[in-house]
Amino acid sequence: MINIALPKGRLGEKTYSMMAAAGFECPAILEKNRKLTFENKEKGVRYFWVKPSDVSIYVERGAADIGVCGKDILLEYEPDVYELLDLGIGKCRMCVAGPAEFFDEEEKTLKVATKFPKIASDYYGGMGRDIDLIHLNGSIEIAPLLGLSDVIVDIVETGSTLKENNLSVMSEVVPISARLICNKVSYQFKYDKIMAVRDGLKGVVSGDKAIETIRLEH
Ligand code: PRP
């Protein structure tokens, strides 16, 4: 059996849909109930739903053999896992954003609010820029509006949160998408099965067949 951690929500539904298209379907997942684990013995897969930001923890500690999480989580927390494949879904951008009228004076320490302190400090460190890092847990867009920070480093997907708060993108830090990750011990001991899943998903990613997202109760 291979244990697969799926991120709850749209990304998990998309991931499961790709897994099903790759031949690793699990009909039990379609049943309406509150169960969090589902298995298909014949295909040798067991899926379970976890909070998206927890996927890498399950995989790093071996509670899951593989899982799917955003590149933002991998860059921020650097879990000790292998990254096997870019799934090309959950695409967004990590950006610096601020009020249109903000004028960046390079000699001044920049006040940066973010949920991603490592990504932000790596980015500005790479430019040799001094920053005052303000680590917040959400609603980052409010920080420059209230004068808590000059700019933010945050995820931009559609751009509507920025627009509705009169902020705009000043630069792109890194593009983000969902990645298939793997526990390092499982990679050795379940290599064939994990490669079968990786190759199946690779075929789905590179295929031109549109995958319809299966809506799931979870
Ligand atoms: C994320 C991110 C932005 C928003 C971007 O927040 O931090 O606020 O989504 O999406 P958009 O470009 O499509 O508007 P999330 O929904 O995770 O909530 P949070 O503010 O609690 O972090």
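Further up the page is the structure itself.
Residues numbered from 1 in each chain as written. Predicted model: local features only at pLDDT ≥ 70, side-chain atom pairs only at ≥ 80, totals over all residues. Heavy atoms only, no water.

Caption draft 1: The arrangement of the packing of aromatic side chains in detail. Taken as a whole and assessed by the stated rule, the structure comprises five aromatic pairs. When the ring of Y123 is compared with that of Y124, the centres are 5.0 Å apart and the planes differ by 75°; the resulting orientation is edge-to-face. By relative accessible area, which is 4% here, Y124 ends up buried. Aromatic side chains Y187 and Y191 sit 5.3 Å apart centroid to centroid with 90° between the ring planes, which places their arrangement in the edge-to-face category. According to the relative accessible area criterion, Y187 is partly exposed, its value standing at 25%. (Phe/Tyr/Trp six-rings, centres within 6.5 Å; stacked < 30°, edge-to-face > 60°. Buried < 20%, exposed > 50% of the residue type's maximum accessible area, 1.4 Å probe, protein only.)

Caption draft 2: Focus on the pairing of strand β11 (residues 178-182). Across the five residues of β11, five count as buried, placing the element largely inside the fold. Both faces of β11 are covered, namely the face carrying A178, L180 and C182 and the face carrying R179 and I181. Relative to β11, strand β4 (residues 66-70) is paired through five bridges, and the arrangement is antiparallel. Of the residues in β11, the one forming a bridge with G70 is A178. (Helix = DSSP H or I, 4+ residues; strand = E, 2+ residues; numbered from the N terminus. Pairing = 2+ DSSP bridges.)

Caption draft 3: Examining the sheet that holds strand β9 (residues 151-156) more closely. Spatially, the five strands line up as an open sheet ordered β8-β7-β9-β6-β10, and their pairing is mixed. This sheet does not close on itself; its edge strands, each paired only once, are β8 (131-135) and β10 (167-176). Strand after strand, the sheet turns through a mean of 25° between neighbouring axes, direction not considered. Bridge analysis of strand β6 (residues 92-99) against β10 gives eight bridges, and the strand direction is antiparallel. Across the sheet, A97 pairs through a bridge with V169, a residue of β10. In the packing of helix α4 (residues 117-126) onto the sheet, the strands contacted are β6, β7 (110-114), β8, β9 and β10, and the crossing angle to β8 comes to about 170°. (Axes fitted to C-alpha atoms, helices over the stretch in contact; angles between N-to-C directions. Contact = heavy atoms within 4.5 Å.)

Caption draft 4: Up close: the site of the ligand. Taken together, the neighbourhood of the ligand is formed by K115, G138, S139, E141, D154, I155, V156, E157, T158, G159, S160 and T161. Compared with its free state, where it exposes 500 Å², the ligand has 64% of that area covered by protein. Listed by contribution, the elements that provide at least two residues to the shell around the ligand are β9 and α6 (160-164). Per-element tally for the shell around the ligand: the top contributor is β9, with three residues. (Near = heavy atom within 4 Å. Areas by Shrake-Rupley, 256 points an atom, 1.4 Å probe, with all protein chains shown as cover.)

Caption draft 5: Geometry of the state of the cysteines. Summed over all chains, the structure comprises zero disulfides. In this structure C95 is a free cysteine whose sulfur lies 8.9 Å from that of C92, the closest cysteine sulfur available. Classification of C95 by relative accessible area gives buried; the value is 1%. (Disulfide = S-S within 2.5 Å.)

Caption draft 6: Representation of the nonpolar core within the structure. Membership of the largest hydrophobic core comes to 29 residues, with the highest contact counts inside it found for I4, Y16, I29, Y47, I66 and L201. Among the secondary structure elements, those contributing two or more residues to this core are β1 (2-7), α1 (10-21), β3 (45-50), β4, β5 (82-86), β11 and α8 (191-206). Looking at which element gives the most residues to this core, the answer is α8, with five residues. Core analysis: the second largest hydrophobic core is formed by 15 residues, V96, A120, V153 and I176 among them. (Core = buried A, V, L, I, M, F, W, Y, C linked by side-chain atoms within 4.5 Å.)

Keep in mind these values describe shape, not function.
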